[in-house]
Amino acid sequence: MKKLYPFLLLILCYAAGISSCRKEVAEPNMRLWYDKPATKWVEALPVGNGSTGAMIFGRTAEEILQLNEETIWAGQPNNNANPNALLALPIIRDLLFEGKFAEAQEMATQKVMSNTNHGMAYQPAGNLKLTFPGHETVQNYYRDLDIASAVASVKYSVGGVDYRREIFASLPEQVIVVRLTASQKGKISFKATFDSPQQAEVSTLGDLLFLRGRAGSMEGLEGKVEFAALLRVIRENGSVMADTTCLSIDGADSVTLIISIATNFVDCQTLAIIQNDVAGDRLVSAAGKSYNVLKAEHVAAYQKQFDRVKLKLGTTEAVEKPTNLRVLDFAKGNDPQLVELYFQFGRYLLISSSQPGGQPANLQGIWNDLMAPPWDSKYTTNINVEMNYWPAEVCNLAELQEPFIRMAKEVAQSGSATAKIMYGAEGWVMHHNTDLWRVTGGIDKAASGMWPMGGAWFCRHLWERYLFSGNKDDLADVYPVMKGAAQFFVDFLIEEPTEGYLVVSPSNSPENAFIKDGYITNTYGVTMDNQLLFELFGNVAAAAAILGTDWAFADTLL
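Scoring rules and cut-offs
- Residues numbered from 1 in each chain as written.
- Predicted model: local features only at pLDDT ≥ 70, side-chain atom pairs only at ≥ 80, totals over all residues.
- Heavy atoms only, no water.
- Helix = DSSP H or I, 4+ residues; strand = E, 2+ residues; numbered from the N terminus.
- Expected span 1.5 Å × (residues − 1).
- Buried < 20%, exposed > 50% of the residue type's maximum accessible area, 1.4 Å probe, protein only.
- Arc of directions from axis to C-beta.
- Contact = heavy atoms within 4.5 Å.
- Pairing = 2+ DSSP bridges.
- Axes fitted to C-alpha atoms, helices over the stretch in contact; angles between N-to-C directions.
- 1 Å grid on protein atoms, 1.4 Å probe; cavity = no way out; pocket = protein on both sides within 12 Å on 5 of 7 lines; lining within 4 Å.
- Points joined across faces, edges and corners; volume = space filled by probe spheres on them.
- Parallel < 35°, antiparallel > 145°, perpendicular 65-115°, else oblique.
- Left-handed = near helix turned anticlockwise from the far one by under 90°.
- Nonpolar A, V, L, I, M, F, W, Y, C, P; charged D, E, K, R; others polar.

Student: Sorry if this is basic, but what is going on with helix α4 (residues 276-287) here?
Tutor: One turn of the α-helix equals 3.6 residues, which is why residues spaced by three or four share an orientation. For α4, with 12 residues, the first-to-last C-alpha span of 16 Å sits near the 16 Å given by 1.5 Å per residue. Of all the residues in α4, the buried ones are A279, G280, L283, A286 and A287. Taken around the axis of α4, the buried residues stretch over an arc of 130°, which confines them to a single face. Exposed side of α4, more than 90 degrees from the buried face: D277, D281 and V284 are the residues found there. Buried residues along α4 sit in contact with β12 (208-214), β13 (226-236), β16 (254-263) and α5 (291-306).

Following this line, the structure appears as structure tokens:
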């Protein structure tokens, strides 16, 4: 996919303009740092705790924390299966077998691809803006992200006073924490407010700042996800004043900001009342602890996952240079540690955007500032979501696959309805994309969307999870999903008339095309499908044998 873009592109974007320096604690050279603030979103630094993420710009006069919550998506629960596919399917197959590929592709676009919506977009919550008067011109500027501790920082001096910010997304408390300190007492003064591209309103109450909003509508589907973002100011000395949309802090020695975000999302079929209580409970829990305790507990929880893997490729004098120079010099130099940093940054992003109990990492992980992001920042199931989780087992982060595995179970459920509606088949089907609502119908035009193989590829992850763990209970847990995917293809396969092979038809080979009366992708019996089915059928039969079940069904697959 031209989409090897979003989540992995975050890594590439940072590598192009970041630097690494020696760490103040145990693990050296695990920091990304800049000597100037971010001027655009891709230069900001990401923190996340699985459910909530922030991009930190590190600006001095007006700091921006761009905020995301994993369940803020456009639209509402729905099924986008196209019932016209059932009658069109035999006609499309006949056209393909007759070599009329262009006609078949056009009919698939009209009759098989969704006639309701093409999946909803992942959307931002908004921004927290902190305005610091007199901080336009500074000295000794520095900002970093320490991926060994998952803590970001910003440092600079104004008028002989050294200012420091620390920001992290607490894994235990599921909030974002910002700590503001200065080298002299009474020097912390700023204003805090929220804004949002959503339909939202900002209000205050004492030392609390509120952002309440609703995610957007899309393709005629009304937005029903409601969210609440809460900010609490905890200060040492000084004062706080509130107007209708802004908190003003003046003359504090230090300030801790705690940000909590929650939505009314329960599951892909259920929305509840707005979860102010959830956001509020998290806020109260975090505010009951000192900053030092919050930070220590966060670092301990993060390092329990991050510290499982050490990669040592050696260091050279190149580690003393800023990373943007290291990247420029890499092809002609000798900098093995840059590869180590890059590798560990990928692990950091997965830890930060995929935690048990939450949503899987989407096309951009958890970080997105746009109402209409590239490819809607959905779950592209013909490569991208699988790629996000390729490192999970081999990088000793097995439990981070839990959101992906749960999504597989959810699309198996929604996909069973799609299989019947569109193809009159048993089992379950998923095409090349899904979203928070776990839609499984074909999206986009048939040139890219006529690909019913998503379930087969998902099941490859489920089987490989067993190969890594050897845990039969885990295999038994996902076996119904694997069997259902195989059942669909047992029904969907059709004999092609020339050689008599059973083939998947219609389908395509993602990102590939051939010239036949124009630019054509739709065909039958493509090599990628054959390989996926070879693995799916073999893995399901092996799983059945291991679990001592479904002997007759397994025999039909071999």
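Student: I'm lost on the pairing of strand β6 (residues 139-146) in this one. Help?
Tutor: Regular strands place their side chains on alternate faces of the sheet. The buried fraction of β6 amounts to six of the eight residues, a majority that puts the element mostly inside the structure. Here β6 pairs with strand β7 (residues 151-158) via six bridges, running antiparallel. By the bridge assignment for β7, Q139 is matched with S157. Linking β6 back to β7 in an antiparallel pair, the connection comprises four residues, with A150 at a positive phi of about 60°.

Student: Before we go on, may I ask you to explain the sheet that holds strand β9 (residues 176-182) in this structure?
Tutor: Backbone hydrogen bonds hold the strands of a sheet together, and the pairing may be parallel or antiparallel. If you walk across this open sheet you meet the nine strands as β1-β6-β7-β8-β9-β16-β13-β12-β11, and the pairing is antiparallel. Sheet topology places β1 (31-34) and β11 (199-205) at the edges, where each strand pairs with a single neighbour. Direction aside, the axes of adjacent strands within the sheet are offset by 15° on average. Bridge analysis of strand β8 (residues 161-169) against β9 gives seven bridges, and the strand direction is antiparallel. In the strand pairing of β9, I167 is matched with V178. Of the strands in this sheet, β12, β13 and β16 touch α4, which is tilted by about 150° from β16. Contacts from α5 reach β7, β8, β9 and β16 within the one sheet, and its direction differs from that of β8 by about 50°.

Student: How should the layout of surface pockets be read in this particular structure?
Tutor: Taking a probe equal in size to a water molecule and rolling it over the atoms shows the remaining empty space. In this structure, the largest pocket occupies an estimated 380 Å³ of space. If you trace the largest pocket, you find 26 residues lining it, with E70, T71, G357, G358 and Q359 closest to the centre. Elements that contribute at least two residues to the lining of the largest pocket include exactly β16, β17 (265-267), α4 and α9 (402-423).

Student: For this particular structure, what's the right way to read the packing of helix α11 (residues 454-469) against helix α12 (residues 472-492)?
Tutor: In a pair of packed helices, the angle between the axes and the distance between the axes together describe the arrangement. The interhelical angle for the contact between α11 and α12, taken along N-to-C directions, is 155°, at an axis separation of 9 Å. In terms of orientation, α11 and α12 fall into the roughly antiparallel class. The crossing of α11 and α12 is left-handed. In contact with G455, A456, C459, L462, W463, R465, Y466 and S469 of α11, α12 contributes K472, D474, L475, V478, V481, M482, A485 and F489. Its residues assigned to classes, the contact of α11 with α12 shows 11 nonpolar, two polar and three charged.

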